[in-house]
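Here's the letter readout for the chains.
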Amino acid sequence: MRSFNHAYIDGEFVPVQGGEVVQIINPANEKIIGTATLANRQDAKRAIAAAFRAQSALGRTTKTERIDMLKRLQSAVLARTDEIRDVTIEEYGGPFSRAKWVSQYVSQCFANTAEVLERYDLTRRIGTADVVMEPVGVAALIVPWNSVAGTMCSKLASAIAAGCASVIKPSEFSPLQTQVVAEALHEAGLPAGIFNILLGRGGDVGDELSTNPDVAKISFTGSTQTGKIIARAGVETMKRVSLALTGKSASLLLDDADFPSAIPLVLGAAFLNNGQACVAGTRLLVPRARQAEAIDLVRENVAAMRVGDPGDPATTIGPLATQAQYERIQRFIHLGLEEGATLVTGGKGHPQGFDAGYFVKPTVFSGVRNDMTIAREEIFGPVLSIIAYEDEDEAIHIANESIYGLHAYVFSSQSDRARRVASRLEAGTVLINRVSTDLLAPFGGVKQSGIGRENGVFGLEAFLEAKAIVTA
Ligand code: NAD
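Computed from a predicted model, the values in this text were never measured in an experiment. (Residues numbered from 1 in each chain as written. Predicted model: local features only at pLDDT ≥ 70, side-chain atom pairs only at ≥ 80, totals over all residues. Heavy atoms only, no water.)

### Structural notes on the pattern of salt bridges
Side-chain pairs of opposite charge can arise whenever the charged atoms involved come near each other. The line we're drawing: We define a salt bridge as a contact between a side-chain nitrogen of Lys or Arg and a carboxyl oxygen of Asp or Glu at a distance within 4 Å. Partly exposed describes any residue whose relative accessible area lies between the buried limit of under 20% and the exposed limit of over 50%, with all areas from a 1.4 Å probe on protein chains only and scaled to the type maximum. Only runs of H or I of at least four residues qualify as helices and only runs of E of at least two qualify as strands under DSSP, and these elements are numbered from the N terminus.
Across all of its chains, the model carries 29 salt bridges by this definition. A salt bridge links lysine 169 to glutamate 172; the nearest nitrogen and oxygen atoms lie 3.6 Å apart. For the residue pair lysine 169 and glutamate 172, the accessibility class agrees, reading buried in each case. Between lysine 447 and glutamate 426 there is a salt bridge; the shortest N-O distance is 2.7 Å. One end of the pair, lysine 447, is in strand β21 (residues 446–447); the other, glutamate 426, is in the loop between α14 (415–423) and β20 (429–432), and 21 residues separate them in sequence. For glutamate 426, a relative accessible area of 39% gives the class partly exposed.

### Looking at the site of the ligand
This is how the line gets drawn: A molecule or strand has a residue near it when one of that residue's heavy atoms lies within 4 Å. Any pair of N or O atoms that falls within 3.5 Å is considered a polar contact. Within protein, one atom must be able to donate a hydrogen and the other to accept it, and sequence-neighbouring residues count only if both atoms are side-chain atoms. The split of the chain into domains comes from an automatic or database domain assignment.
Around the ligand lies a shell of 29 residues, among which Glu172, Ser223, Thr226, Leu245 and Glu378 are the nearest. Interatomic distance of 3.3 Å between a backbone N/O atom of glycine 222 and an oxygen atom of the ligand. Of all the elements in the fold, those that place two or more residues in the shell around the ligand are α7 (202–211), β11 (217–221) and α8 (224–235). The two domains that each donate at least three residues to the shell around the ligand are domain 1 (2–245 + 449–470) and domain 2 (250–438).

### Here we look at the packing of aromatic side chains
Applicable threshold: Centre distance within 6.5 Å is the pairing criterion for rings of Phe, Tyr and Trp, where only the six-membered ring of Trp is used; planes under 30 degrees apart are then read as stacked, over 60 as edge-to-face, and the remainder as tilted. Lysine and arginine charges are scored as sitting over a ring when NZ or CZ, respectively, is within 6 Å of the ring centre and within 35 degrees of the ring normal.
Applying the stated rule across the entire model yields six aromatic pairs. Note on phenylalanine 354 and phenylalanine 359: the rings are 4.4 Å apart at their centroids and 40 degrees apart in plane angle, and the pair reads as tilted. Its relative accessible area of 3% is what places phenylalanine 359 among the buried residues. Aromatic ring contacts, followed pair by pair, group Tyr8, Phe13 and Phe195 into a single cluster. Seen from the ring of phenylalanine 463, lysine 217 lies directly overhead, with NZ or CZ sitting 5.3 Å from the centre. Residue placement shows arginine 290 over the ring face of phenylalanine 259; its charged tip is 3.6 Å from the ring centre.

### Some words on empty space enclosed by the protein
The test is simple: Throughout, the protein atoms alone are placed on a 1 Å grid, and a set of points is a cavity if a 1.4 Å probe fits but cannot get out or a pocket if it is open with protein on both sides within 12 Å along at least five of seven lines; lining residues have an atom within 4 Å of a point. Grid points are joined across faces, edges and corners, and a volume is the space filled by probe spheres set on the points. For this classification, Asp, Glu, Lys and Arg are treated as charged, while Ala, Val, Leu, Ile, Met, Phe, Trp, Tyr, Cys and Pro are nonpolar and the rest, including Gly, are polar.
Here the structure, examined in full by the defined rule, presents seven cavities of 30 Å³ or more. Those elements that place two or more of their residues in the lining of the largest cavity are β2 (6–9), β5 (31–37) and α6 (175–187). Counting residues per element, the lining of the largest cavity draws most heavily on α6, which supplies four residues. When its residues are assigned to classes, the lining of the largest cavity shows 12 nonpolar, four polar and no charged.

### Side note on the layout of surface pockets
There is about 310 Å³ of room inside the second largest pocket. What lines the second largest pocket is a set of 16 residues, among which Gln23, Ile24, Ile25, Phe173 and Thr322 lie closest to the centre. Of the residues forming the lining of the second largest pocket, the biggest block, four residues, is contributed by strand β4 (residues 21–26). Two domains each provide a minimum of three residues to the lining of the second largest pocket, namely domain 1 (2–245 + 449–470) and domain 2 (250–438).

### A short note on the sheet that holds strand β6 (residues 123–126)
Adjacent strands of a sheet form backbone hydrogen bonds with each other and so pair up, either parallel or antiparallel. To be explicit about the condition: Here, strands pair whenever DSSP counts at least two bridges between them. For helices, the fitted line uses only the C-alpha atoms of the stretch in contact; every axis is such a line through C-alpha atoms, and the angle between N-to-C directions lies from 0 to 180 degrees.
Spatial strand order, β6-β7-β23: three strands in an open sheet with antiparallel pairing. Every interior strand has two partners, whereas the edge strands, β6 and β23 (464–470), have only one. Each strand axis lies, on average, 30 degrees off the axis of its neighbour in the sheet, ignoring direction. One ladder, built from four bridges, connects β6 with strand β7 (residues 129–135); its direction is antiparallel. Bridge pairing in β7 links threonine 123 to valine 132.

### Structural notes on the packing of helix α2 (residues 63–78) against α6
Between two packed helices, the angle of one axis relative to the other and the distance separating the axes together describe the packing. Using the following cut-off: Small angles under 35 degrees read as roughly parallel and large ones over 145 as roughly antiparallel, with 65 to 115 read as roughly perpendicular and the rest as oblique. Crossing handedness: left-handed means the near helix sits turned counterclockwise from the far one by under a right angle, and right-handed means the same turn made clockwise. Here, two residues are considered to be in contact whenever any of their heavy atoms come within 4.5 Å of each other.
Two elements in contact, α2 and α6, have axes whose closest approach is 8 Å; the angle formed by their N-to-C orientations is 135 degrees. Considered as vectors, α2 and α6 are oriented oblique to each other. Our pair here, α2 against α6, has a crossing hand that is right-handed. Side by side, α2 and α6 meet where Leu73, Ala76 and Val77 of the first sit next to Ala184, Leu185 and Glu187 of the second.

### Things to note about α7
Taken residue by residue, α7 has Val205, Gly206, Glu208, Leu209 and Ser210 as its buried positions. Of the surrounding secondary structure, the elements contacted by the buried residues of α7 are α1 (41–59), β8 (139–142), β9 (166–169), β11 and α8.

### Examining the environment of valine 368
The topology assignment puts valine 368 in the loop between β16 (363–366) and α12 (373–376). Here valine 368 falls in the buried class, since its relative accessible area comes to 5%. Sequence separation between valine 368 and leucine 460 is 92 residues; the distance between their C-alpha atoms is 40 Å. Those residues in contact with valine 368, other than ones at most four positions away along the chain, are Ala341, Ile374, Ala375, Ser385, Ile386 and Ile387.

The structure is reproduced here in structure tokens:
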């Protein structure tokens, strides 16, 4: 049984003043594996004050000094790669392959950002002005439970590259992952206060970060619903706000696609991270004339997936992260049936043989219309909706007929055609015949999937403010 009751403030682990204790439950067996005491608003104020004190010195550091800090952070998290992988599996049931990827990504994102900063001009001449790209100030980095280590580190990398001190607030559902990442980052030996980390509820710690006048920037990843609350709260002190939010992405299977090779990719995108991924391709658009073939292949591929122990590299789908997530998925499957969709595979309840753990059956519906709840709302579990279309125009129309616009996936055997379709899709990222993006490319959403971009140059600029100096 592990117990955490510390926050990382001003370069050290200090006891939190908050009193709420939460249990940490292994979602694969529902056993309590630890407890954590959450930080409260007072702790948040302390963390903000520490970041504020560190800001002016950090803001004056040179590019070389920041690159050095990023490299130290990279080595520090690299040393804990396996541990980060293991707690990701243990705390929220991330399947081995995904958890392994995340554990490697966390060091890679510091390396990538160092490379971006190396090539970036922090000063430039525009007309008669000298334009200086300055750090925006203290940043609050707010992180969801479904992508803890990766989001903490990628936001921190951009903040440090820009010269912004930060307060990181991971989700209150991720004490184990937060602790291991915090310990690793501490090992880098950066000056105190440059980054501070505390676990707390959105209603107090999150609210303090969104309203405190000493916070200049919020970089938030989470649901659209929370993003709206944060944006409203932040505008009072005119905080710069970047929001990476909810998705309901479409996979467009064009009629010339090679279905046997595309369907496994489609399912990989739909069920990524047990379906708990903002970028999940949860609407599969298939040409009506080839629908039967697509459904057969989907059924066959899902049947071959192994649901089970997330620590086993052969497992495709592990448990959902929490009991609440399990219940949410049941509710959506129920809604799908009630609204008249046809069950291709899966359905309600636990898969056979699973008495403990938040396991659900990977579920696919066909005969889905785009106005059904399961096609409109983010489900956040392994549930895929197949929607038939008549022609390319209709496929594009259906894909775009969503309030969200994070990712889109296009499968076609003609690259010109796929690119033409991509140019008409309303999404921050379009992936053609693949399901993973380029980590230096901008990442973010259009419409209600977000504001702003992360990663690479765009991620760096989200923490910078342009100052024009014009002399007589
Ligand atoms: P959430 O919105 O419930 O919480 C996200 C974070 O915000 C948590 O740290 C939470 O404590 C905090 N928070 C909650 N209320 C707050 C408030 N009033 N003020 C400040 N902070 C507050 O989201 P979640 O359930 O943790 O994560 C799942 C959601 O995140 C999904 O919708 C998913 O699509 C989205 N997501 C988006 C991306 C992306 O890059 N676009 C990536 C991962 C997850």
